[in-house]
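Structure assessment
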Amino acid sequence: MLYQHICISWCCFSFLQVIVADNYFTGSKDNLKKWIGHPRFELIRHDVTEPLLIEVDQIYHLACPASPIFYKYNPVKTIKTNVIGTLNMLGLAKRVGARILLTSTSEVYGDPLIHPQTESYWGNVNPIGVRSCYDEGKRVAETLMFDYHRQHGIEIRIARIFNTYGPRMNIDDGRVVSNFIAQAIRDDPLTVQAPGTQTRSFCYVSDMVDGLIRLMQGDNTGPINIGNPGEFTMIELAENVKELINPKVEIIMVENTPDDPRQRKPDITKAKDLLGWEPKVKLRDGLPLMEDDFRTRLGVPKNK
Ligand code: UDP
Ligand code: UDP
């Protein structure tokens, strides 16, 4: 299965046949090259804001840039992807009778006033801020999913995914883990955005994929939080990257952007109880796996 947090794509399985639709706004064909030419794999250049007429049994609707720098670059396109894109995928699900899974986000909780976040929390979101195209967009996407479910009986699954990282992430994605790893490898200072005490919880990509497949195959509509409850401040993350990847690198404080959530950690009780899922890969084990991949792509061997 393809899962890339940052790419505009969706894919579906039908007895091991996979069709991936991607407009490559943030995704890359390179990540799929091992599958191109496989008899049960198909790749379509397609933008989900346009209608799509194909025959499928399951739809993994992952479309939308997830990195703040990418989604803020074209906010109108971002909200269209979340609203019109989700509507089109639901229209497709309705026409062919497919089950559809939406990757929603922990951003629906905004700058949360309860901690850790449970699925029953309604969130604290700015409707007119620079992040709203993404977080309000995903909130509307969740609403559309439930309205199609109630009105048309569509089989829906909603995952609220928390910060995810792993190999093959876009090196210039702008997310904190990819930034710090690329900076450490390049001997550039690690840029902690002020105040640095804000927290995130990072889930390794293979754990995330496992959670999404369990949700799709199970009987619960969700929303269900899928994320790693291990919580770190951005300063702690920088210190971990420094220690594991480049002890000589400098850590500097830089300016932050508006509406940055101050804390984020999933309550995964529902995922444990309903899906039998919990993450296996700890941050300190996942970071070196990502480092190896980034070193290969950047052409900087470990002991240069
Ligand atoms: N749609 C699509 N593929 C399909 C069926 C529908 O992309 O196989 C799109 C369609 O263009 C429409 C949206 O999904 O804009 C919602 O479809 P629905 O049938 O729910 O609504 P309607 O077309 O009646 O407004
Ligand atoms: N951040 C940072 N340095 C960077 C990029 C991001 O300190 O080079 C911080 C950012 O301010 C936020 C956290 O890392 O508090 C997570 O940011 P990211 O963009 O990875 O994901 P978000 O959770 O905001 O979607």
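Look a little higher up for the structure.
Re the site of ligand 1
Around ligand 1 sit Pro51, Leu52, Leu53, Leu87, Asn88, Gly91, Leu92, Lys94, Arg95 and Tyr148, and those are all the residues in its vicinity. At 2.5 Å, a side-chain N or O of Arg95 approaches an oxygen atom of ligand 1. Of the residues contributing to the shell around ligand 1, the split by class is six nonpolar, two polar and two charged.

Quick word on the environment of Thr49
Following the sequence through the fold, Thr49 ends up in the loop between β3 (41-45) and β4 (58-61). Here the alpha-carbon distance between Thr49 and Asn82, two residues 33 residues apart in the chain, equals 8.5 Å. For Thr49, the side chain forms a polar contact with the side chain of Asp47, separated by 2.8 Å.

So, empty space enclosed by the protein
Taken as a whole, this structure holds two cavities of 30 Å³ or more when the rule is applied. Roughly 50 Å³ of volume is contained in the second largest cavity. Classifying every residue of the lining of the second largest cavity by side-chain character gives three nonpolar, two polar and one charged.

Quick word on the packing of aromatic side chains
As enumerated under the stated definition, the model contains five aromatic pairs in all. Their ring planes at 20° and their centres at 6.1 Å tell us that Tyr109 and Tyr121 sit as a pair that is stacked. With Tyr109 in the loop between β5 (99-105) and α3 (132-152) and Tyr121 in the loop between β5 and α3, this residue pair connects regions lying twelve residues apart in the sequence. According to the relative accessible area criterion, Tyr109 is buried, its value standing at 1%.

Some words on the site of ligand 2
Lining the immediate environment of ligand 2, one finds 18 residues, of which Val176, Thr191, Gln193, Arg200 and Asp260 sit closest. One of the side-chain N or O atoms of Asn179 is found 2.8 Å from an oxygen atom in ligand 2. A distance of 2.6 Å is found between an oxygen atom of ligand 2 and a side-chain nitrogen or oxygen belonging to Gln193. Look at ligand 2: alone it shows 520 Å² of surface, and the protein chains cover 96% of it.

Side note on unusual backbone geometry
That bond from Ala194 to Pro195 is cis: its omega, 5°, falls within 30 degrees of zero. Mapping Pro195 onto the fold places it in the loop between β8 (190-193) and β9 (199-201). At the junction of Gly222 and Pro223, the peptide bond is cis and its omega measures out at 5° in the coordinates. Positioned with a positive phi, Tyr24 is a non-glycine residue whose angle comes to about 60°. Looking at where Tyr24 falls in the secondary structure, it is placed in the loop between β2 (17-22) and β3. When its relative accessible area of 16% is taken as the criterion, Tyr24 is described as buried.

Thoughts on helix α5 (residues 205-217)
Its 13 residues give α5 an end-to-end C-alpha distance of 18 Å, which sits within 8% of 18 Å, the value for a rise of 1.5 Å per residue. All of the buried residues along α5 are Val205, Asp207, Met208, Val209, Gly211, Leu212, Leu215 and Met216.

Let's talk about the environment of Val205
Its place among the elements puts Val205 in helix α5. According to the relative accessible area criterion, Val205 is buried, its value standing at 18%. In sequence terms Val205 and Asn163 are 42 residues apart; their C-alpha atoms lie 9.7 Å from each other.

So, how was this worked out
- Residues numbered from 1 in each chain as written.
- Chains lettered and ligands numbered in written order.
- Predicted model: local features only at pLDDT ≥ 70, side-chain atom pairs only at ≥ 80, totals over all residues.
- Heavy atoms only, no water.
- Near = heavy atom within 4 Å.
- Polar contact = N/O pair within 3.5 Å; in protein donor to acceptor, adjacent residues only side chain to side chain.
- Nonpolar A, V, L, I, M, F, W, Y, C, P; charged D, E, K, R; others polar.
- Helix = DSSP H or I, 4+ residues; strand = E, 2+ residues; numbered from the N terminus.
- 1 Å grid on protein atoms, 1.4 Å probe; cavity = no way out; pocket = protein on both sides within 12 Å on 5 of 7 lines; lining within 4 Å.
- Points joined across faces, edges and corners; volume = space filled by probe spheres on them.
- Phe/Tyr/Trp six-rings, centres within 6.5 Å; stacked < 30°, edge-to-face > 60°.
- Buried < 20%, exposed > 50% of the residue type's maximum accessible area, 1.4 Å probe, protein only.
- Areas by Shrake-Rupley, 256 points an atom, 1.4 Å probe, with all protein chains shown as cover.
- Expected span 1.5 Å × (residues − 1).

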